[in-house]
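Chain and residue survey
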Amino acid sequence: MACFFRRKIAAKLGCTLQRSEDAFIPALSAVPVFKKQQTADFKLSIGTLRMSGILPSSGDIQLQTESLASRLKRDSVVEDISAGRGVITFKVNRKLLVQKVLESFGKEEEDTFGLNSELLNTLKRGTTLVEYSSPNIAKKFHAGHLRSTIIGNFIANLKQCLGNNVIRMNYLGDWGMQFGLLGAGFSKFGCQEKLKQNPLQHLFEVYVQVNKDAEQNEEMMQAARDFFRQLEQHDSEAVSLWQQFREITVDEYQHVYKRLGVHFDIYSGESFHQHQAQEVVQRLQSQGLLKTSEKGTGVVDLSTTKDMSSVSTVLRSDGTTLYITRDLAAAIERKEKYHFDEMIYVTDKSQANHFHQLFHILLAMGHSWADRCEHVPFGLLRGMKTRRGEVVFLEDVLDEARARMLHNMNQSKTTKEMDNPEDTAEKVGISALIVQDFRGPRESDYAFDWDRMLQAQGDTGVFLQYTHARLHSSLFPSQFNAEE
């Protein structure tokens, strides 16, 4: 649809300047829409025309702008043409705009509306691996994981719609000293019956209890170290308990993700790369990249002057690997296994330095494809609480959204009777949750507000669902009976 108008404007310019319309397409761009002021729809960069040789590169650019604008005539497609500072703006006919927007609906291309645009033809398509959500087993599913889930799923959907082969990966925090604490703690505080009834909640309770105990009890801390050592040495009893914790956690999360409309192709985790991490260390050593710090840790020098002023620690003094070491191993293994063309990590902005170091080390190791790895950061979400207190798991948030939406529906005089009000409340409540996350700039922090999120007016998911229903009933009236 945008291409129709762009082509019409380009044809007008071509006739005026006696050039092919294709010559003007690169200089024409859409103008961003602002809520509080009316703007033009397209703009033409005179500077681009000068650089491409269509207009003389010498002379006063503003005089060129005004001269060309005066030669262009309005017609049934373009209703206003104005000269700005080095640009000419175009406002298209509103009735024709609406007609072009709606004419695709009801046709075969309805499901791919906008995706067949020639503007997208130049995009490179290939295999995109998106890592998102990535909660830690036995720890609370905090608001950052929720934002990662929502934003990562959007990116994956967008890449897929644009014709890419998308691999959706959930990289679980399923390894490390936390499992030493959990394993040791479960033998003291755990209960298999409670684990069956409410797995995530019980593991979290055990984790909280054992952390408190370990702070005051060195014996418990030593028991945790012993359990993790057994886990790394593949002790059958320790591995069996770890597998049980991991499997029930993944099962529980899959159920909750389904409510969000989110799915993953792969559930991976740090545990998958414990052996490969040691291979990475050996490779770093053989390439002369691994240095030993004064503290005895293994580091990679990231400083431009190679004076150890900026280092990344990849190995503890006792020889065990760290999170970044396992991330290096994971990235290399994914490239070898999935042959991705790009890999996107979706985490909060506090991890920006971690990914900067990760990509830097990969490049230093000779992996040129690290240039096609990207970290998509986002701001922090504060104040997300339920009526019972601080949010622990994602399911708490979804249940709260449904309950609050159902309450609002019951209080509203305009709510119609329906067969399954809870299902409607679930769908509208979750869409409100998702839309609230997209309202502001991605990298900005924002305070969570249940009341604002569930408002029936304004930029909310509730109003979006209402507008969609109204549009649907207008476009397809035969699907609605007289009462509806």
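Given the structure is predicted, the values throughout are model-derived calculations rather than measurements. (Residues numbered from 1 in each chain as written. Predicted model: local features only at pLDDT ≥ 70, side-chain atom pairs only at ≥ 80, totals over all residues. Heavy atoms only, no water.)

Our next topic: the overall build of the protein. The secondary structure content of the protein amounts to 17 helices and 16 strands. With the principal axes as the frame, the protein shows a C-alpha extent of 85 × 70 × 35 Å. Counting the 484 residues in the protein, one finds 45% classified as buried. Restricting the contact set of the protein to residue pairs at least 6 apart, pairs at least 24 apart contribute 63%. Entry remark: accessible area of the protein is about 26400 Å², with carbon and sulfur atoms responsible for 49%. Across the protein, the centroid of the 58 positively charged side chains sits 8 Å from that of the 62 negatively charged ones. (Helix = DSSP H or I, 4+ residues; strand = E, 2+ residues; numbered from the N terminus. Buried < 20%, exposed > 50% of the residue type's maximum accessible area, 1.4 Å probe, protein only. Contact = heavy atoms within 4.5 Å. Areas by Shrake-Rupley, 256 points an atom, 1.4 Å probe, with all protein chains shown as cover. Lys, Arg positive; Asp, Glu negative; His and termini not counted. Charge placed at Lys NZ, Arg CZ, Asp CG, Glu CD.)

So, on to the nonpolar core. Core analysis: the biggest nonpolar cluster contains 67 residues, and L182, L231, V346 and M453 have the highest contact counts within it. Among the elements that take part in this core, helix 10 (residues 236-260) stands out by supplying ten residues, more than any other. When sequence neighbours within four positions are dropped, the list of residues in contact with L182 reads A138, L203, V206, Y207 and F245. (Core = buried A, V, L, I, M, F, W, Y, C linked by side-chain atoms within 4.5 Å.)

The next point concerns the sheet that holds strand 2 (residues 42-45). Each strand in a sheet pairs with another by means of backbone hydrogen bonds, the pair being arranged parallel or else antiparallel. Pairing within the open sheet is antiparallel, and its four strands lie in the order 1-2-4-3. Looking at which strands have only one partner, the edges of the open sheet turn out to be strand 1 (28-30) and strand 3 (78-83). The sheet shows a mean angle of 25° between the axes of neighbouring strands, direction not considered. In terms of strand pairing, strand 2 meets strand 4 (residues 87-92) through four bridges, oriented antiparallel. Within strand 4, the position partnered with K43 by the bridge is T89. (Pairing = 2+ DSSP bridges. Axes fitted to C-alpha atoms, helices over the stretch in contact; angles between N-to-C directions.)

The next thing to look at is the packing of aromatic side chains. For the coordinates displayed, the defined rule picks out 14 aromatic pairs. Centre to centre, the rings of F340 and W369 are 5.7 Å apart; their planes meet at 90°, and the pair counts as edge-to-face. Of this pair, F340 sits in the loop between helix 12 (323-338) and strand 11 (342-348) while W369 sits in the loop between helix 13 (352-364) and strand 12 (373-378), and the two are 29 residues apart along the sequence. Judged on exposure class, the residue F340 and its partner W369 are both buried. A ring pair is formed by Y345 and F359, whose centres lie 6.0 Å apart and whose planes are at 45°; its orientation type is tilted. Placement of Y345 in strand 11 and of F359 in helix 13 is noted, with a sequence separation of 14 residues between them. Both residues of the pair, Y345 and F359, count as buried. A connected cluster of aromatic rings, assembled from ring pairs, spans Y132, Y253, Y257, F264 and Y267. The side chain of K100 reaches across the aromatic face of F4, ending 4.1 Å from its centre. Lying across the ring of F340, K335 places its NZ or CZ 5.0 Å from the centre. (Phe/Tyr/Trp six-rings, centres within 6.5 Å; stacked < 30°, edge-to-face > 60°. Lys NZ or Arg CZ within 6 Å of the ring centre and 35° of its normal.)

All right, on to the layout of surface pockets then. Left-over empty space is what a probe sized like a water molecule reveals as it rolls over the atoms. The space that makes up the second largest pocket amounts to roughly 490 Å³. Taken together, 31 residues line the second largest pocket, and the ones lying closest to its centre are S134, N136, G173, E270 and Y323. Contributing elements (two or more residues each) for the lining of the second largest pocket: helix 5 (143-161), strand 6 (165-172), helix 6 (177-189), helix 9 (218-232), helix 12 and strand 11. Looking at the lining of the second largest pocket, its residues break down into ten nonpolar, 14 polar and seven charged. (1 Å grid on protein atoms, 1.4 Å probe; cavity = no way out; pocket = protein on both sides within 12 Å on 5 of 7 lines; lining within 4 Å. Points joined across faces, edges and corners; volume = space filled by probe spheres on them. Nonpolar A, V, L, I, M, F, W, Y, C, P; charged D, E, K, R; others polar.)

Examined against the element boundaries, Y171 turns out to sit in strand 6. Residue classification places Y171 among the buried positions, given a relative accessible area of 3%. With sequence-adjacent residues up to four places away left out, Y171 is seen in contact with E131, S134, S268, G269, E270, H273, Y323, R326, D327, A330 and R334.

Judged by side-chain polarity, F154, L158 and F438 come together as a nonpolar surface patch covering roughly 280 Å² of accessible area. By the secondary structure assignment, F154 is in helix 5. By relative accessible area, which is 44% here, F154 ends up partly exposed. (Patch = residues over 30% accessible without salt bridge, like charges linked within 9 Å, V, L, I, M, F, W, Y side chains within 5 Å. Salt bridge = Lys/Arg side-chain N within 4 Å of Asp/Glu carboxyl O.)

For the rest of this paragraph, the subject is the pattern of salt bridges. Under the counting rule described, the total for this entry stands at 21 salt bridges. Put simply, E426 and R259 hold a salt bridge, and the shortest N to O gap is 2.8 Å. Here R259 lies in helix 10 and E426 lies in helix 15 (residues 421-438), a separation of 167 residues in the sequence. No difference in accessibility class separates E426 from R259, as the two residues are buried. Here D399 makes a salt bridge to R402, at a shortest N to O gap of 3.3 Å. Taken together, the positions of D399 and R402, both in helix 14 (residues 394-411) and three residues apart, correspond to about one turn of that helix. Residues participating in the shared-partner salt-bridge network are R259, E395, D399, R402 and E426.

This brings us to helix 12. In an α-helix there are 3.6 residues to a turn, and that puts residues three or four apart on one side. Between the first and last C-alpha of helix 12 there are 22 Å, a value that for 16 residues agrees with the 22 Å anticipated at 1.5 Å per step. Among the 16 residues of helix 12, twelve are classified as buried, and the element is accordingly described as predominantly covered. A positive phi of about 50° marks H339, the residue just after helix 12. (Expected span 1.5 Å × (residues − 1).)

Checked against the element boundaries, V130 lands in strand 5 (residues 127-131). Since its relative accessible area comes to 0%, V130 is described here as buried. It is 10 Å that separates the C-alpha atoms of V130 and H375, two residues lying 245 residues apart in sequence. Discounting residues that sit within four places of it in the chain, V130 has contacts with G152, I155, A156, V166, I167, R168, M169, I344 and V346.

Their axes nearest at 7 Å, the elements helix 6 and helix 9 cross at an angle of 115°. The angle between helix 6 and helix 9 places the two elements in the roughly perpendicular class. Crossing handedness for the pair helix 6 and helix 9: right-handed. From helix 6, M177, F179, G180, L181, G183, A184, K188 and F189 reach across to helix 9, where they touch M220, M221, A223, A224, R225, F227, F228 and L231. Residue composition of the contact of helix 6 with helix 9, grouped by class: twelve nonpolar, two polar and two charged. (Parallel < 35°, antiparallel > 145°, perpendicular 65-115°, else oblique. Left-handed = near helix turned anticlockwise from the far one by under 90°.)

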